[in-house]
Amino acid sequence: MSAATRENAPHARIEAAIRAAGARGVPALVAFLTAGYPRRERFRADLAAVASAADVVEIGVPFTDPMADGVTIQRSSRDALAQGVTLRWILAELAAMPPVAAPLLLMSYLNPLHAFGYAELAAAAERARIAGFIVPDLPFDEGGALREALKTRGLALVQMATPVTTAERLAKVCAASRGFVYAVTMTGTTGRHVAVPDDVVAYLDRVRAAARVPVCAGFGIRSAEQVARLAGHVDGVIVGSALVEVLERGEDPAAWLRALRPATA
Amino acid sequence: MTAMTEQDRRQLLDAEIAGVFPDTRGRFGPFGGRYIPETLIPAIERLEAGLRAHLGTADFERELADELRSWVGRPTALTHARRLGARWGAEVWLKREDLAHTGAHKINNAIGQALLAKRLGARRVVAETGAGQHGVASAAACARVGLPCTVYMGALDMERQAPNVGRMRLLGAQVVPVTEGDRTLRAAVDEALRDWVADPLGTYYLLGSAIGPHPYPYLVRQLQTIIGREARAQMLAAAGGLPDALIACVGGGSNSIGLFHPFLADAAVEIIGIEAGGHGRALGEHSATLALGRPGILQGAYSMLLQDPDGQIQETHSISAGLDYPGVGPEHALLQAVGRVRYEVASDDEALAAVKECCENEGILPALESAHALAGARRWAAAHPGKRILIGLSGRGDKDMPTLQRTLIADIEAGRA
């Protein structure tokens, strides 16, 4: 029996963690940090702190050309690279550190994964207790080779939906996605503050209707009001740039994350 | 990429010559594709549908042909470079894209895409530029069709190509300096993509080279093959036959694919692309993507790349801003893999020497980019005496005056040359 079909397959751990928050009546918190930023030697401690307050954690693999990201994540990527952070280093750190409760995903542009080799990557990710991947420059249609390699280890490849995705494509994206569907709440790059207008709520309802796995909304989420407004329309919310800025300022990420979701306090 | 057998190579080359590529998945053999954020999928599908609806139709082609003739100034001349030929011991012909409006081949693509943008109902155009030639061409084409134009340009390139920045502004474009990343063409492409991601349906992205996600490599090639189609007919008429060698410079690869493509089926024509060898062979010292790179994914396509073992894209160097790019169009990657085109390098110093030689012997100031092709041709002529060579002179060198002032002109003024 392959790992992919077992209930404890890595991708299923992501889905379960998000559903567990829903069972408590709150949207799951999916938190993003760039590996090794602001300081490489604090990676394990930062990750543990973030994981203590989040339901799922996305670890950003720095890349020289983060074309889908805004200024904050461009800055954090560049700085992490300058400190010598690589995919290989991240995987080694994760394999060596005490496990955290929250399922972990790697968020990476495709070329570092391609350079690593997909089959070797899937094996190394499993050893590092990674549950899945998010690849912002890999649309559904081009994802076959990576998706197959990850599937042999039961690892998720999270697909993205956007407000401009057609209904026909949304059905395909949702069917292929494991772990959750990443619903981008706006067009544009990461990190800009956005209000949550009615049409975004309607769009999220459409994604949720199309998806069997949980739906998490991301891009531009940084306040408790936004989280409250999205609750009921999504299974989880993704916070990226705002959390990176919290870490950058040297503040307590766990406290900041908890304040996003007062209902659980 | 798995190793190709001789039979694979032959089949792929036959398919390429038969016009099979890009295939329905936007691939040139294994290369190409569409590696873009999901947000851009509707915009790129709309572009592909729009391209199918207009490109090649009698109405669009008539409008484009009229602009190319009456506004761009096509056909561009084919010049018999007799004095260069005498020096090199060869018969040398130059396809003069430097004579096209705005001074380079870039205008062929810019006016074609601007006409397409207009037909697709775009509200604004964004473009990236390296040497500034594509930025100037885009600004001019947008002014011509009446669309607002924003050009992203690396801060380093803005210094190197200052005269072009002023030209773009005069032509009504907004020029946005890119201070992120390597501050050259690659960072400008990233920033233009980010702009497009923010408004994928109202904005038209006027990409300047045969790179990026499908259908750009195809669209740009189709708009640039006018160079090769004209040159082939001109050679037959003026030289009485095809060239033995066809040589062009390769950065992203638009002037070269435009020149090469109509000659691919001419098996007797040896085709050579010249990349920027910079000042060394170590990563970071050159921009020789095909000669020295490995396959990978950057800015929408699977192609050859300059990258480190971790898949991080490397900074590049070239004296010529237009060649200073770590990727290359996917069709060139295919042409290299199947062995139809050979890719070599010319160094910064060789390019400068070629600028000087062309100025002094033909009365033509070539762009530093094009000078790489001249340098490669000179080397080929030395190894193949008495042969006929056609060189793509992709642009004029006026934009390079700040660099030339520091180098060749300083030498002349100091009495060193």
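None of the values given here were measured: they were computed from a predicted structure. Residue numbers run consecutively from 1 along every chain, following the written order of its sequence. Chains carry letters and ligands carry numbers; both start at the beginning, A for chains and 1 for ligands, and go up in the order they are written. Under the rules for a predicted model, residues below a pLDDT of 70 receive no local features and side-chain atom pairs below 80 are neither given nor counted, while totals for whole chains, interfaces and linings still include all residues. Hydrogen atoms and water are omitted, and side-chain values are computed over all heavy atoms in the structure.

Digging into the confidence of the model for chain B
All names here are of chain B.
Here comes step 1: On average, chain B scores 95 in pLDDT, and the residues at 70 or more come to 99%.
Here comes step 2: You can read pLDDT as the predictor saying how much it trusts each residue, on a scale of 0 to 100. Secondary structure is summarised from DSSP: a helix means a run of H or I of at least four residues, a strand means a run of E of at least two, and numbering begins at the N terminus for each. Put simply, helix α7 (residues 155-160) is where chain B has its lowest mean pLDDT, 87, and strand β4 (residues 91-96) is where it has its highest, 99.
Here comes step 3: For this predicted complex, the interface score ipTM comes out at 0.94, alongside a pTM of 0.95.

Focus on empty space enclosed by the protein
All names here are of chain B.
Here comes step 1: Residues are said to line a cavity or pocket when one of their atoms sits within 4 Å of a point; the points come from a 1 Å grid over protein atoms alone, cavities being sets where a 1.4 Å probe fits but cannot get out and pockets being open sets with protein on both sides within 12 Å along at least five of seven lines. Grid points are joined across faces, edges and corners, and a volume is the space filled by probe spheres set on the points. Counted by the stated rule, this structure contains nine cavities of 30 Å³ or more.
Here comes step 2: What the largest cavity holds in volume is close to 340 Å³.
Here comes step 3: Going through the elements one at a time, β5 (124-129), α6 (133-145) and α11 (254-260) are the ones with two or more residues in the lining of the largest cavity.
Here comes step 4: Broken down by class, the residue content of the lining of the largest cavity amounts to ten nonpolar, 17 polar and five charged. Residue classes follow a fixed rule: Ala, Val, Leu, Ile, Met, Phe, Trp, Tyr, Cys and Pro count as nonpolar, while Asp, Glu, Lys and Arg count as charged, and any other residue, Gly among them, counts as polar.

Concerning the domain arrangement of chain B
Residue and element names in this part refer to chain B.
Here comes step 1: The split of the chain into domains comes from an automatic or database domain assignment. Splitting chain B by domain gives domain 1 (22-68 + 107-220) and domain 2 (74-103 + 224-413).
Here comes step 2: For domain 1 and domain 2, the distance between their C-alpha centres works out to 22 Å.
Here comes step 3: Domain 1 puts 41 residues into the contact, and the matching count from domain 2 is 42 residues.
Here comes step 4: Summed over both sides, the interface between domain 1 and domain 2 buries roughly 3300 Å², with carbon and sulfur atoms accounting for 59% of that surface.
Here comes step 5: Defined in terms of a 1.4 Å probe, buried area is the accessible area two parts forfeit on being brought together, summed over both. Of all residues in domain 1, Phe31, Arg160 and Arg186 give up the largest surface area on contact with domain 2, accounting jointly for 22% of the area buried on that side.
Here comes step 6: Polar contact is the term for a pair of N or O atoms within 3.5 Å; when the atoms are in protein, one must be able to donate a hydrogen and the other to accept it, and sequence-neighboring residues count only if both atoms are side-chain atoms. Our count for the contact surface shared by domain 1 and domain 2 stands at 13 residue pairs in polar contact (both at pLDDT 80 or more).
Here comes step 7: Counting only elements with at least two residues in the side of domain 1 that touches domain 2, the list comes to β1 (27-28), β2 (31-35), α5 (106-119), α6, α7, α8 (162-170), α9 (185-198) and α10 (216-239). Contacts were defined at the residue level, with two residues in contact if any of their heavy atoms lie within 4.5 Å.

Description of helix α11 (residues 241-248) of chain A
All names here are of chain A.
Here comes step 1: Exposure categories follow from relative accessible area, calculated using a 1.4 Å probe and restricted to protein chains: below 20% of the type maximum is buried, above 50% is exposed, and the middle band is partly exposed. When you tally the buried positions in α11, you get seven out of eight residues, the bulk of the element.
Here comes step 2: Among the residues making up α11, those that are buried are Ser241, Ala242, Leu243, Val244, Glu245, Val246 and Leu247.
Here comes step 3: Of the residues one or two after α11, Gly250 is the one with positive phi, at around 75 degrees.

Looking at the interface of chain B and chain A
Reports of interface size often rely on the accessible area that becomes lost once the parts have come together.
Here comes step 1: Contacts between the two partners involve 37 residues from chain B, matched on the other side by 34 residues from chain A.
Here comes step 2: Summed over both sides, the interface between chain B and chain A buries roughly 2900 Å², with carbon and sulfur atoms accounting for 52% of that surface.
Here comes step 3: When residues of chain B are sorted by the area they lose upon contact with chain A, B:Glu38, B:Arg194 and B:Gln312 head the list and together hold 24% of the total.
Here comes step 4: Salt bridge, as used here, is a side-chain nitrogen of Lys or Arg placed within 4 Å of a carboxyl oxygen of Asp or Glu. Linking chain B to chain A there are five salt bridges.

Brief notes about the sheet that holds strand β6 (residues 149-154) of chain B
Residues and elements named next belong to chain B.
Here comes step 1: Strand order across the open sheet formed by four strands is β7-β6-β5-β8, with parallel pairing between neighbours. A strand with exactly one partner marks an edge of an open sheet, and here the two such strands are β7 (174-178) and β8 (203-205). Here the average twist between neighbouring strands, direction ignored, is 25 degrees.
Here comes step 2: Any two strands between which DSSP finds at least two bridges are classified as paired. The pairing of β6 with β7 spans five bridges and is classified as parallel. Across the sheet, Val151 pairs through a bridge with Val175, a residue of β7. To obtain each axis, a line is fitted to C-alpha atoms, and for helices this fit is confined to the stretch in contact; angles are then taken between N-to-C directions over 0 to 180 degrees.

Side note on the side chain of B:Arg186
Here comes step 1: Structurally, the position occupied by B:Arg186 is in helix α9.
Here comes step 2: For B:Arg186, a relative accessible area of 4% corresponds to the buried category.
Here comes step 3: Among the polar contacts listed, one links the side chain of B:Arg186 to the side chain of B:Asp182, at a separation of 3.2 Å.
Here comes step 4: Ignoring any residue separated from it by four or fewer positions in sequence, one finds B:Arg186 in contact with A:Thr64, A:Asp65, B:Gln299, B:Ile313, B:Gln314, B:Glu315, B:Tyr325 and B:Pro326.

A word on the pattern of salt bridges
Residue and element names in this part refer to chain B.
Here comes step 1: Counted by the stated rule, this structure contains 48 salt bridges over all chains.
Here comes step 2: Between Arg119 and Glu63 there is a salt bridge; the shortest N-O distance is 2.7 Å. Of the two residues, Arg119 sits in helix α5 while Glu63 sits in helix α3 (residues 58-72), which places them 56 residues apart along the sequence.
Here comes step 3: Owing to a relative accessible area of 32%, Glu63 belongs among the partly exposed residues under this scheme.
Here comes step 4: Across the pair Arg87 and Glu357 runs a salt bridge, and its minimum N-O distance is 2.8 Å. Of this pair, Arg87 sits in helix α4 (residues 82-88) while Glu357 sits in helix α14 (residues 348-362), placing them 270 residues apart in sequence.

Description of α6(B)
Residue and element names in this part refer to chain B.
Here comes step 1: A helix's residues, less one, multiplied by 1.5 Å, set its expected span. For α6, with 13 residues, the first-to-last C-alpha span of 18 Å sits near the 18 Å given by 1.5 Å per residue.
Here comes step 2: Burial runs high along α6: eleven of the 13 residues are buried.
Here comes step 3: Those residues of α6 that sit buried are Gln133, His134, Gly135, Val136, Ala137, Ser138, Ala139, Ala140, Ala141, Cys142 and Val145.
Here comes step 4: Elements in contact with the buried residues of α6: α3, α5, β5, β6 and α8.
Here comes step 5: Gly146, located one to two residues past α6, shows a positive phi value of around 85 degrees.

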